[in-house]
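A closer look at the structure
Here are the chains, one letter per residue:
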Amino acid sequence: MPMTETGFARLPAGDSRWAELKREIQEAAAELGIDDVGFASADPFVSLKAILEDRRDKGYESGFEEPDLNKRVYPELSLTQPASLISIAVAYPSKMENPPKSAPGERRGILARSAWGQDYHQVLREAMEKLEGFIRERVPEARIESMVDTGALVDRAVAERAGIGFKGKNCAIISPKWGSWIYLGELITNVPFPPDSPVTEDCGDCTKCIDACPTGALVGPGELNAQRCISFLTQTKGFVDEEFMVKIGNRLYGCDTCQVVCPKNKGKSWNHRPELAPDPEKVKPLLLPLLDLSNREFKERFGDSAAAWRGKKPIQRNAVIALGNFKDPTSVPKLIDILLHDPRPELRGTAAWALSQIGGMEAGEAIGRALDAEQEEEVRVRLRTAEQKLQASIGD
Ligand code: SF4
């Protein structure tokens, strides 16, 4: 077998074995826990680089991305002498049977559909491990690097090139079969699989997602300002600007609006995997009990969910925001408790906003007491804003 200058065995391109193996993988995909699989060349994503640079220059990044743009563009920085990329998709449910309803005194939050079942990182990792094993069994000299979400490559760019779907104006990959309700993962390998063709479908004249985005985060077709995206904002740990708190509504993790309104997703919900089925009480939880969870209880309840990756604080802060948006007076005592006693400034400051949304004498008195005791300047700023809002509402 010919060797490359780095000492790796070179697998001959064009060998009929690779087309045969590709067929075997396609046939075995369902058994491996994969709903769709596509193959692509491992050429650099040259045109993507300018797009990523532009996003960075405009300040549109979330900050959760791989910071080295070259790693995002050049597969060879993740695996020496790669020959192919394999994109895998796992479809998940978009509809829940009998979702529990919010009611006065029993207000509920909601998790995005991508966090309804078992953490998709685990689901994809398991599927990719099986696929890796499948390939290695047949090609012992195969080198494979698999990645999901936190990997260097842009999983959507890989999926697009590998023919899994097209990039919608909402930035999601939309599969003609599965819609955009898919988790994506990818493998880089030295096996030179024959590539698939990209999907030719597109959004046409539709702009529903851009029109529906609550915060105007979709600044153009396929262009997202992550700093305005509710999905990103629900995963931050600090204070959230008032403009966004109002728009967050009762979302505890993620958004979904741009996918829910998408006509390409109409009638698409995938319920064939029990591990991805939503537990209604977990994905639409009561808000007040969430605020009393200890770290251990939070881990027990949400530890196997993708929503838990940033810990308890963002979800509890979002629960406080949701209570403010519901304007339900029955949540005032708990919000006052947080305002006066929670050790986390972000929770105290957000509780001040929530109380100013609900209004009333009790809320006003509590904010006055908090102002007497509060030491953190950022919380004091929020307390003063809340106080002014309450005074203005009394004057109305
Ligand atoms: Fe494309 Fe319309 Fe779907 Fe947006 S809502 S991704 S424009 S089809």
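Please read these numbers as outputs of a predicted model, since none were measured by experiment.

In this section: the pattern of salt bridges. Summed over all chains, the structure comprises 26 salt bridges. Residues Arg273 and Asp35 are paired through a salt bridge, measuring 2.9 Å at the closest nitrogen-oxygen approach. One end of the pair, Arg273, is in the loop between helix 9 (257-260) and helix 10 (280-283); the other, Asp35, is in the loop between helix 1 (16-28) and strand 1 (36-41), and 238 residues separate them in sequence.

With respect to the helices, strands and loops of the structure, Ser180 is situated in the loop between strand 6 (173-174) and strand 7 (182-189). In this structure the side chain of Ser180 is engaged in a polar contact, spanning 2.7 Å, whose partner is the side chain of Gln259. Setting aside anything within four residues of it in sequence, one finds Ser180 in contact with Tyr92, Ala172, Ile173, Ile174, Gln259 and Asn265.

Backbone geometry places Gln81, a non-glycine residue, at a positive phi of 45 degrees. With respect to the helices and strands, Gln81 occurs in the loop between helix 3 (69-73) and strand 2 (84-91). The residue Cys171 is not glycine, and still its phi comes out positive at about 80 degrees. Inspection of the secondary structure assignment puts Cys171 in the loop between strand 5 (166-167) and strand 6. With relative accessibility at 9%, the residue Cys171 sits in the buried group.

Turning to the packing of helix 14 (residues 332-341) against helix 16 (residues 361-373), a few remarks are in order. Contact geometry for helix 14 and helix 16: axes closest at 10 Å, N-to-C directions at 5 degrees. On the basis of the axis angle, helix 14 is roughly parallel to helix 16. Contact residues: helix 14 offers Val332, Ile336, Leu339 and Leu340, while helix 16 offers Glu362, Ala366, Ile367, Arg369 and Ala370.

What the 4 strands build is an open sheet, ordered 1-2-7-4; its pairing is antiparallel. Bordering the open sheet on either side are strand 1 and strand 4 (144-147), each of which pairs with just one other strand. On average, adjacent strands in this sheet sit at an angle of 20 degrees to one another, irrespective of strand direction. Bridge count between strand 1 and strand 2: 6 bridges; the pairing is antiparallel. Looking at the pairing, Val37 lines up with Ile88 of strand 2.

Per the counting criterion, the structure on display carries 8 aromatic pairs. With centroids separated by 4.7 Å and ring planes inclined at 75 degrees, the aromatic side chains of Trp178 and Trp270 adopt a geometry described as edge-to-face. Remark: Trp270 occurs in the loop between helix 9 and helix 10 and Trp178 occurs in the loop between strand 6 and strand 7; sequence separation between them is 92 residues. Assigned by exposure class, Trp178 and Trp270 land together as buried. The rings of Tyr92, Tyr120, Trp181 and Tyr183 are connected pair by pair, giving a single aromatic cluster. Here the guanidinium or amino end of Arg138 rests over the ring plane of Phe134, the centre of that ring lying 3.6 Å away.

Attention now moves to the nonpolar core. Grouped together as the largest cluster of nonpolar side chains are 100 residues, with contacts concentrated most on Ile25, Ile86, Ile88, Leu131, Ile135 and Leu339. By residue number, the principal contributor to this core is helix 4 (residues 120-138), which donates 8 residues. Here Ile86 is in contact with Val37, Gly38, Phe39, Leu131, Ile135, Gly185, Glu186, Leu187, Thr189 and Phe193, once residues within four sequence places are set aside. Leu69, Val73, Met147 and Val158 belong to the second largest nonpolar core, which has 16 residues in total.

About the cut-offs
Residues numbered from 1 in each chain as written. Predicted model: local features only at pLDDT ≥ 70, side-chain atom pairs only at ≥ 80, totals over all residues. Heavy atoms only, no water. Salt bridge = Lys/Arg side-chain N within 4 Å of Asp/Glu carboxyl O. Helix = DSSP H or I, 4+ residues; strand = E, 2+ residues; numbered from the N terminus. Polar contact = N/O pair within 3.5 Å; in protein donor to acceptor, adjacent residues only side chain to side chain. Contact = heavy atoms within 4.5 Å. Buried < 20%, exposed > 50% of the residue type's maximum accessible area, 1.4 Å probe, protein only. Axes fitted to C-alpha atoms, helices over the stretch in contact; angles between N-to-C directions. Parallel < 35°, antiparallel > 145°, perpendicular 65-115°, else oblique. Pairing = 2+ DSSP bridges. Phe/Tyr/Trp six-rings, centres within 6.5 Å; stacked < 30°, edge-to-face > 60°. Lys NZ or Arg CZ within 6 Å of the ring centre and 35° of its normal. Core = buried A, V, L, I, M, F, W, Y, C linked by side-chain atoms within 4.5 Å.

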